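One letter stands for each residue in the lines below.
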Amino acid sequence: MVRIVLYLNQFFGQLGGEEAAAEPPRVLAAPVGPGRALTGLLEADEAFVGTLVCGDSYFADHPDAAAAACLDLIRPLEPDIVLAGPAFNAGRYGVACGTLAEILQRELGVTVVTGMYAENPAVELYRKQVVIVQTGLSAATMRDTLRTMLTLARKLRRGETLMPEEHGYFSQGRAMPAIAEKPAADRAVEILLAKLRGEPYRTEVVLPTFRRNAAPSRLGDLRDKLVALVTDGGLVPAGNPDNIESFAATRWGTYDIAGAERLAPEDYEVSHGGYDNRFVRQDPHRLVPLDAARQMERDGQIGRLFDKFVSTTGLSNPIENSRRLGREIAEYLRQQGVQAVILTST
Amino acid sequence: MRLQLQFHDIQSLAFGSPATLDAGTLTVDADALRAALMTDPRIADVEVQLVDAHENCRIMSIYDVVQPRCKIEPAGADYPGALSGVRASGDGITRVLRGVALTVVAPIGGRRFLNLRPPHLRDTASQSFDRYAGLHHVVVLPTPADGVTGDDWRNALRMASLRAGVHLAQSADGGTADAEEVLELQPVSEDLPRVAYVYQLHSHQMPTVPGEPVLYGDNVRYLLPTIVHPNEVIDGGLLPSYNGSVAPTYAVQNNDIVKKLYALHGKELNFVGVVVYVANQLPAERDRATLMASNLVKYTLNADGAVFTKSGGGAPNVDMALIADRCEELGVKTSLIVWETIGEGDTEDSSLFNSDRLDAIVSLGSSHFQFTFDAAERVIGGSGPDPGSEFAATSSQSLGAIDQLGGSRFTVIRH
Amino acid sequence: MTPVAEMVGSHRIVQGSGIVHPLGLASSTPEEERSLRDRILARAVDALKTDVDQPTVFK
């Protein structure tokens, strides 16, 4: 039997209106409100095993506690599918559905589908992590919306690939390979013509947005600071002991330079396929300037050079990888008491 | 400038002598072809094999794929600056053998493979996503003479690929063409939008070497942006660099941007010319190219719009984007073609540029997607334990999957 | 590739000397190269001592 649970807020769960918004979560055995419509949509091998109801304010005010409580209440029901909402245009309800869906997917591995109207602020917050069916504004469409949510949940459980236009959910932006009907050249000329004519057009590649971090404040003087050399040019000891990949690197390494004045070319190699690396192989200082940095140490322009240099390969790397590498390297250096980094890049 | 292409369609290949083209069958005289290639003393021996379109065959270590063509008028003016003197390109008459490719295989110097049966692509009817699987291939496998290595060997391979292509095309003497096409930029209505093609020829993240023929035999190492007629870049005046990171010679000869712009010339647009440039290594060179190329597009070609293609890996995205961005700043609308590095299921792309004005970008798919190819019955150029077995490879390793000149249909969709 | 560094939000960016040798120049003598390297590194140290509030390229 495929076990299905429905999550509703206080209103659709018939606890009351806004005055019941602070109600904590509880499980109802018998179907209420939309749950009755859901009962009529089930197939022979599906069973509606419970309705979880929680007040929108309760969830909004204590998101972690609410999510944990919901998790504890849902777990014994052993659901295969959870349908959350639909929340239509209700913001707090949408956030509750999104938060709960994410946690259920992660902690219980259960298939979760929710539903929202396009302007619900929770859409942009959760569309990448959770499948959100596109709904109308009015609860009059409840039955059809539930039908769509259930249909998608069944497909997801079967491992089918969903497509936004065909299946009626908000694109999660997940990349997948496909073959276009026309070659790229035709598409490039056609999109240009649309742009020139003032006709609508849509880019195939959406450029990434980068969150602006606040600039770290300047260091007054580096005379007493611990400075590290880091590179993404892929300089590694001969033999590449840490197996740093020459593109799409998932690893980074730290390499000893304690007491060394120079990097001997024969001791290093380059694991990076994106630039002609013979110049760096001839003289690694062209990438990792140990010689000049040591001079600065002697002259007192920097306090001390960290006794390792950090290296990875910045070529053709999915951005999620790069972000993780950066975070890990930064955390490592911080723990080592490094106060400034000179990062060299090809 | 007026170029007449005479097409001869090839339906099958066969070994035999003399070399002829008769009723769609190209008879290949292997000994004559070997002899022609071995006029270069750097080549010690040549093996020749024939492969049918869509055969259950895998060709490994491909150095280049060339469409067999030869100049009829002016006769002998093949690949000016590389194979012959710099006399002409883009004018006169060129014979083209269609449906066939001259494929050079070299374990040293070759890189990509071609599986003539399609790979498995989840949820999509299995179909070839590249143009090469549907061609008949005359495969040559040259062996270097003793002591011939490095750039010298790569030059020998380049010359061999051109020489072999010309040789095959010349063997079709005496036949009548199956079809003809004339490439000429006729004057058109001033109402039509003026569209330029901004063509990045090479990326010097891998610098070319002296003697490496790219544009009329020049190695374009310090090429300043300039303007050429589209016929010049498809009729032998332009070749890919040795490492072929823009596209094989076949794709350069059949540049799909040029084809598409020609097809719409006089109907929906006015194809005003091609700005060629290289992606540079040094910042000052890059700044210079940005200024000069965008100036050419705007003030010399007076273009309303421009289509951009690139070469190489990730860094040259920046060169292309800087020029395109300046074009947009000057009021010229742009569209760009890029390949992506996004992983399957990933939601963020790693494009190396970010500008609100660059909002018409076409995807060639991602180099990170993996495909599984079934075991092949026949393998050419493979070494190692079992080159014919089932294996997985990424799109960047498979010839023609990602054609930076826009000739491929592989793409990324987001769902 | 300073435009990339600016795009991703690096705050202190020092212009290097080319993709294949950010702190070198193959066409010069070893002494000239070392001198160039010293200058670029000095610029990096200066950048660390400079206030910035957005991506800034130090040339």
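Model, not experiment: these values are computed from the prediction. (Residues numbered from 1 in each chain as written. Chains lettered and ligands numbered in written order. Predicted model: local features only at pLDDT ≥ 70, side-chain atom pairs only at ≥ 80, totals over all residues.)

1. Some words on the packing of helix 10 (residues 290-299) of chain A against helix 2 (residues 30-48) of chain C
We count it as follows: Note on geometry: axes are lines fitted to C-alpha atoms, helical ones only across the stretch in contact, with angles between N-to-C directions running from 0 to 180 degrees. In DSSP terms, a helix is any run of H or I states spanning at least four residues, a strand is any run of E spanning at least two, and both are numbered starting from the N terminus. Any angle that is under 35 degrees is reported as roughly parallel, and any over 145 degrees as roughly antiparallel; angles of 65 to 115 degrees are reported as roughly perpendicular and all others as oblique. Left-handed describes a crossing whose near helix is turned anticlockwise from the far helix by less than a right angle; the clockwise case is right-handed. Any residue pair is listed as a contact if its two C-beta atoms, each placed from the backbone, are within 7 Å.
At a minimum axis separation of 9 Å, helix 10 of chain A and helix 2 of chain C run at an interaxial angle of 60°. Classed by the angle they form, the pair helix 10 of chain A and helix 2 of chain C counts as oblique. When the axes of helix 10 of chain A and helix 2 of chain C are compared, the crossing they make is right-handed. Judged by residue contacts, Asp 291, Ala 292, Ala 293, Gln 295 and Met 296 of chain A of helix 10 of chain A engage Arg 34, Arg 37, Asp 38, Leu 41 and Val 45 of chain C from helix 2 of chain C.

2. Topic: the packing of helix 1 (residues 30-37) of chain B against helix 2 (residues 150-170) of chain B
Residue and element names in this part refer to chain B. Put simply, the test is: In this classification, Asp, Glu, Lys and Arg are treated as charged, Ala, Val, Leu, Ile, Met, Phe, Trp, Tyr, Cys and Pro as nonpolar, and every other residue, Gly included, as polar.
Orientation of helix 1 relative to helix 2, taken along the N-to-C sense of each, is 140°, at an axis distance of 9 Å. Between helix 1 and helix 2, the crossing angle belongs to the class labelled oblique. Here helix 1 and helix 2 pass one another in a crossing that is right-handed. Two secondary-structure elements touch here, helix 1 through Leu 33, Ala 36 and Leu 37 and helix 2 through Ala 160, Arg 163, Ala 164 and His 167. Class assignment of the residues belonging to the contact of helix 1 with helix 2 gives a composition of five nonpolar, one polar and one charged.

3. What to know about the domain arrangement of chain B
All names here are of chain B. Put simply, the test is: How far each domain reaches was decided by an automatic or database domain assignment.
When cut into domains, chain B gives domain 1 (3-180) and domain 2 (186-394). For domain 1 versus domain 2, the distance between C-alpha centres works out to 23 Å. Taken together, the contacts link 39 residues of domain 1 with 34 residues of domain 2. Every element with two or more residues in the side of domain 1 that touches domain 2 is listed here: strand 6 (57-66), strand 9 (100-105), strand 11 (136-144) and helix 2. Among the elements that take part in the side of domain 1 that touches domain 2, strand 6 stands out by supplying eight residues, more than any other. When grouped by side-chain class, the residues that make up the side of domain 1 that touches domain 2 number 17 nonpolar, 13 polar and nine charged.

4. Considerations on helix 6 (residues 142-157) of chain A
Residue and element names in this part refer to chain A. The line we're drawing: Take the number of residues in a helix, subtract one, and multiply by 1.5 Å to get its expected span. Three classes are used. A residue is buried when 20 or more other C-beta atoms lie within 10 Å of its own, exposed when 12 or fewer do, and partly exposed in between, with C-beta atoms placed from the backbone.
Taking 1.5 Å per residue, 16 residues should reach 22 Å; helix 6 reaches 22 Å between its end C-alpha atoms and fits that length. Residues Met 142, Thr 145, Leu 146, Thr 148, Met 149, Leu 150, Leu 152 and Ala 153 constitute the buried set of helix 6. The inward-facing, buried residues of helix 6 abut helix 1 (34-39), strand 4 (81-88), strand 5 (111-117), strand 6 (131-135) and helix 7 (164-167). Gly 159 sits one or two positions beyond helix 6 and adopts a positive phi of about 80°.

5. Examining the interface of chain B and chain C
Taken together, the 10 residues of chain B in the interface contact nine residues of chain C. The residue makeup of the side of chain B that touches chain C, split by class, is seven nonpolar, three polar and no charged.

6. Structural notes on the sheet that holds strand 8 (residues 226-231) of chain A
Adjacent strands of a sheet pair through backbone hydrogen bonds, lying either parallel or antiparallel. Residues and elements named next belong to chain A. Let me state the cut-off plainly: By definition, two strands form a pair when at least two bridges between them are found by DSSP.
Taken together, four strands build an open sheet; the order of strands is 10-12-8-13 and the sheet is mixed. Edge positions in the open sheet fall to strand 10 (253-256) and strand 13 (340-344), since each of these has one partner strand only. Recorded for the sheet is a direction-independent mean angle of 30° between the axes of neighbouring strands. One ladder, built from five bridges, connects strand 8 with strand 12 (residues 304-311); its direction is parallel. If you follow Val 230 over to strand 12, its bridge partner there is Val 310.

7. So, the interface of chain A and chain B
Taken together, the contacts link 45 residues of chain A with 63 residues of chain B. Elements represented by at least two residues in the side of chain A that touches chain B include exactly strand 7 (175-179), helix 8 (184-197) and helix 11 (319-335) of chain A. Examining the composition of the side of chain A that touches chain B, we find that 11 residues originate from one element, helix 8 of chain A, more than from any other. Grouping the amino acids of the side of chain A that touches chain B by side-chain chemistry returns 28 nonpolar, eight polar and nine charged.

8. What about the sheet that holds strand 8 (residues 92-98) of chain B?
Residues and elements named next belong to chain B. What the four strands build is an open sheet, ordered 7-8-1-12; its pairing is mixed. Edge positions in the open sheet fall to strand 7 (69-73) and strand 12 (179-183), since each of these has one partner strand only. Between one strand and the next, the sheet's axes are offset by a mean angle of 25°, whatever the strand orientation. Here strand 1 (residues 3-9) pairs with strand 12 via five bridges, running antiparallel. For Gln 6, the partnering residue across the bridge sits in strand 12 and is Glu 180. Packing against the sheet, helix 2 makes contact with strand 7 and strand 8, and its axis sits at approximately 60° to strand 7.

9. With respect to the pairing of strand 1 of chain B
Pairing analysis gives seven bridges linking strand 1 of chain B to strand 8 of chain B, with the strands arranged parallel. Bridging from a neighbouring strand, Gln 4 of chain B pairs with Ile 93 of chain B of strand 8 of chain B.

10. Focus: unusual backbone geometry
A negative phi angle characterises most non-glycine residues, just as the trans form characterises most peptide bonds. Residue and element names in this part refer to chain B. The omega angle of the peptide bond from Ser 17 to Pro 18 is -5°, so this bond is cis rather than trans. Along the polypeptide, Pro 18 turns up in the loop between strand 2 (12-15) and strand 3 (20-22). Of note in the backbone geometry, Tyr 216 takes a positive phi value of approximately 50° without being a glycine. Locating Tyr 216 in the fold gives a position in the loop between strand 13 (194-203) and strand 14 (226-228).

11. Comments concerning the confidence of the model for chain C
Residues and elements named next belong to chain C. Where we set the bar: pLDDT: the predictor's confidence for each residue, scored from 0 to 100.
The predicted model of chain C averages 86 in pLDDT, with 100% of residues at 70 or higher. Looking over chain C, one finds the lowest element-wise mean pLDDT in helix 1 (residues 2-8), namely 79, and the highest in strand 1 (residues 12-14), namely 91. Model confidence for the complex: the whole-complex pTM is 0.82, and ipTM, which rates the interface, is 0.97.

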